[in-house]
Protein chains: 2
Amino acid sequence: MPHSSRRDALRTLLRDRELDALLVANPLNVRYLTGFTGSNAALLVRSDGEDGTVFCTDGRYLTQSQRQVPDLERLVDRSCADALARRAARDGLERTGYESHHVTVEGLDRLSAAASGTDLVRAPGLVERLRTVKDDAEVEALRMACAAADRALADLIEHGGLRVGRTEREIARELESRMLDHGAAAPSFETIVAAGPHSAVPHHRPTDAAVCPGDLVKLDFGALVDGYHSDMTRTLVVGRPADWQRELYDLVAASQAAGRAALTAGTRTGAVDAASREVIERAGFGEQFPHGLGHGVGLEIHEAPALSTSGEGMLFAGVAVTVEPGVYLVGRGGVRIEDTLVVRESEPELLTLTTKELVVV
Amino acid sequence: MPHSSRRDALRTLLRDRELDALLVANPLNVRYLTGFTGSNAALLVRSDGEDGTVFCTDGRYLTQSQRQVPDLERLVDRSCADALARRAARDGLERTGYESHHVTVEGLDRLSAAASGTDLVRAPGLVERLRTVKDDAEVEALRMACAAADRALADLIEHGGLRVGRTEREIARELESRMLDHGAAAPSFETIVAAGPHSAVPHHRPTDAAVCPGDLVKLDFGALVDGYHSDMTRTLVVGRPADWQRELYDLVAASQAAGRAALTAGTRTGAVDAASREVIERAGFGEQFPHGLGHGVGLEIHEAPALSTSGEGMLFAGVAVTVEPGVYLVGRGGVRIEDTLVVRESEPELLTLTTKELVVV
């Protein structure tokens, strides 16, 4: 059971901090630790084991939670976190951690009132730290999410979806629709389709502008499968690529390959960014690469770790990240190439399998 | 300019509380007060006027914010709220309110460190209170959002989208796609399509179950237009309605009409719930109506005020709410009928215009 293993891993962190329990209030963290997908829940994880570890949701989710969380004691209460704080006090816990990076100032008042008798101790980011390293079930979900995006793009190209005269908005809708065809519950974020000069805008929103002959078209998109997000960017050329487009593409592809090559367990995140960035800087385009190299991806589309110039953290096997350098020439066009990968001891595992050769449609 | 009027209205609340300023950190509240639609921003609203009222966003949004917020002083900083807290201290403000219902415990540490010199005072929910009463620009956005949903449903029915053999998932996708055709930026929440016995589950997720002859089909859906959400439920019958279906439908329709009739300025929210609920209770189905009557709707799909049995708040002209009673007969089927409306002095303004007669397809 991956969820009980995750709770066990959390217990180690709790004992290190001499906490008797952690009150988990962030719904994504509750999902990670229990598999529960409803919108209102909290979890009290006891450091000494599953006994006394209590899941809470409200009446709307009783049936669903019995199915998804059959193995934990269950409380039913609308104010889940408050009910579990009361429970911690009733059970005589002395030091109960809470997610101080998630609980609001007003929320802490309510928790404190409910928990009189137990010390509420700040414990920010513990579950998020566990979440950076993906277990097999998570990698499988990420793999399916990446496959849905890969297949959607293949379908789009095969059916002539990227042709002169189509608008960015039409292409984005078709790409999103095809991801649903391949099992996505939803797009994992607002799809970016940026044609011609728009491709030089890093986070362009699709417009009614139509694709013109010779345009670079940048597609940044992902699929949500079982709660996990994929993230991929490909930049194509519609028609015959000009020399500058091919050169720009080759540069970004080389930078992206260098970033992937540097992505191994034991490396600092900043070093991965540097390996990729160096290729672009050497070519004189450092200023035209104005963002970090990548980010963690999982239950959130952006999560820890960031791969950026100032990154000090160490990579571990199982960390899932994007590698996405880009060069943007204002008024002309830009190229970004992005994969989702899992860090391993040696070579990273590539989850987005669409070719990174320059595709001409 | 609606945004500057909204800031003026906020200033009245600030002066009532003897605050020199409010540090607005909730992005939806920033959007409400400025029109800015990016993902990272904060706003410092001075109680004494627009001078010294400062908007902050990060470098990615510089161009966009110049277009959307031309009328306010601008700071560019990644940590928007912290930067504005520093600014409040620098400007010698003595009492600066902050959104303690939104700022986390860790976030307050950072604000306090940045703001040394100004007193940070809890000021929860001030902008949310203003947001309950919609101005003309907001009602217009809600109207367009409701129209997109109305038209999508009309198209779906006209093109035979609700026929025997189609799955709930297929119907949901078509409905969502047709909302985009009619100008929605996205569905305003995950569309509910529930056929046959599934219609008795209040928040059913679409499955691969197919529509059968004689099924009740419950559709709960909405469109997002200019940041505003619509919310509508209709329940139809595919084929010839059975007597029990027609009786159930008529009961819920009568309850919904009673709720709408009670919806006037000056009424307590609990009284509106009671007026609608009484019809269902008198018929002996009180237990089968297990949720509140409705909720506020606007920049969020669920916002204040709640229309529920325990509601003590007063309704004002301009408050936008849903009215959505339902009766759910487990194993057989359920009916819910929901409109989005705006409270007025006398009769409410109906924004979802699809008929509430029983539609048979």
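Residues numbered from 1 in each chain as written. Chains lettered and ligands numbered in written order. Predicted model: local features only at pLDDT ≥ 70, side-chain atom pairs only at ≥ 80, totals over all residues. Heavy atoms only, no water.

A. The domain arrangement of chain A, seen in detail. Residues and elements named next belong to chain A. In terms of domains, chain A is made up of domain 1 (3-130) and domain 2 (136-350). Distance from the C-alpha centre of domain 1 to the C-alpha centre of domain 2: 36 Å. The partner domain 2 presents 7 residues to the 4 residues of domain 1 that form the contact. At the junction of domain 1 and domain 2, the tally comes to 0 salt bridges. If you look at where domain 1 meets domain 2, you find 1 residue pair in polar contact (both at pLDDT 80 or more). Broken down by element, the residue count for the side of domain 1 that touches domain 2 peaks at 3 residues, all from helix α2 (residues 27-34). Across the side of domain 1 that touches domain 2, the residue classes break down as 2 nonpolar, no polar and 2 charged. (Domains from an automatic or database assignment. Contact = heavy atoms within 4.5 Å. Salt bridge = Lys/Arg side-chain N within 4 Å of Asp/Glu carboxyl O. Polar contact = N/O pair within 3.5 Å; in protein donor to acceptor, adjacent residues only side chain to side chain. Helix = DSSP H or I, 4+ residues; strand = E, 2+ residues; numbered from the N terminus. Nonpolar A, V, L, I, M, F, W, Y, C, P; charged D, E, K, R; others polar.)

B. Inspection of the packing of aromatic side chains at higher detail. One pass over the structure, following the stated rule, counts 4 aromatic pairs over all chains. Ring centres of A:Phe36 and A:Phe55 lie 5.1 Å apart, and the angle between their planes is 70°; this geometry places the pair in the edge-to-face category. Within this pair, whereas A:Phe36 is found in the loop between α2 and β2 (41-46), its partner A:Phe55 is found in strand β3 (residues 54-57), the two being separated by 19 residues in sequence. For A:Phe36, a relative accessible area of 2% translates into the label buried. Pairwise contacts between aromatic rings join A:Phe36, A:Phe55 and A:Tyr61 into one cluster. The side chain of B:Arg277 reaches across the aromatic face of B:Phe289, ending 4.0 Å from its centre. (Phe/Tyr/Trp six-rings, centres within 6.5 Å; stacked < 30°, edge-to-face > 60°. Buried < 20%, exposed > 50% of the residue type's maximum accessible area, 1.4 Å probe, protein only. Lys NZ or Arg CZ within 6 Å of the ring centre and 35° of its normal.)

C. Region of interest: a nonpolar patch on the surface. A cluster of nonpolar side chains, contributed by A:Val133, A:Met314 and A:Phe316, occupies part of the molecular surface with about 250 Å² of accessible area. By relative accessible area, which is 48% here, A:Phe316 ends up partly exposed. (Patch = residues over 30% accessible without salt bridge, like charges linked within 9 Å, V, L, I, M, F, W, Y side chains within 5 Å. Areas by Shrake-Rupley, 256 points an atom, 1.4 Å probe, with all protein chains shown as cover.)

D. Summary view of the sheet that holds strand β11 (residues 228-229) of chain A. All names here are of chain A. Judged by pairing direction, the sheet is antiparallel, and its 3 strands sit side by side in the order β7-β10-β11 without closing on themselves. This sheet does not close on itself; its edge strands, each paired only once, are β7 (186-187) and β11. Judged from the 2 bridges that link them, strand β10 (residues 223-225) and β11 form a sheet pairing that is antiparallel. The residue of β11 that forms the bridge with Leu 224 is His 229. (Pairing = 2+ DSSP bridges.)

E. Representation of the pattern of salt bridges in the model. Under the definition given, this model contains 64 salt bridges over all chains. Where A:Arg178 meets A:Asp155, a salt bridge forms, and the shortest distance between an N and an O atom there is 3.9 Å. One end of the pair, A:Arg178, is in helix α8 (residues 168-181); the other, A:Asp155, is in helix α7 (residues 136-158), and 23 residues separate them in sequence. For the pair A:Arg178 and A:Asp155, one class covers both residues: buried. For B:Arg143, the salt bridge goes to B:Glu140, with nearest N and O atoms at 2.6 Å.

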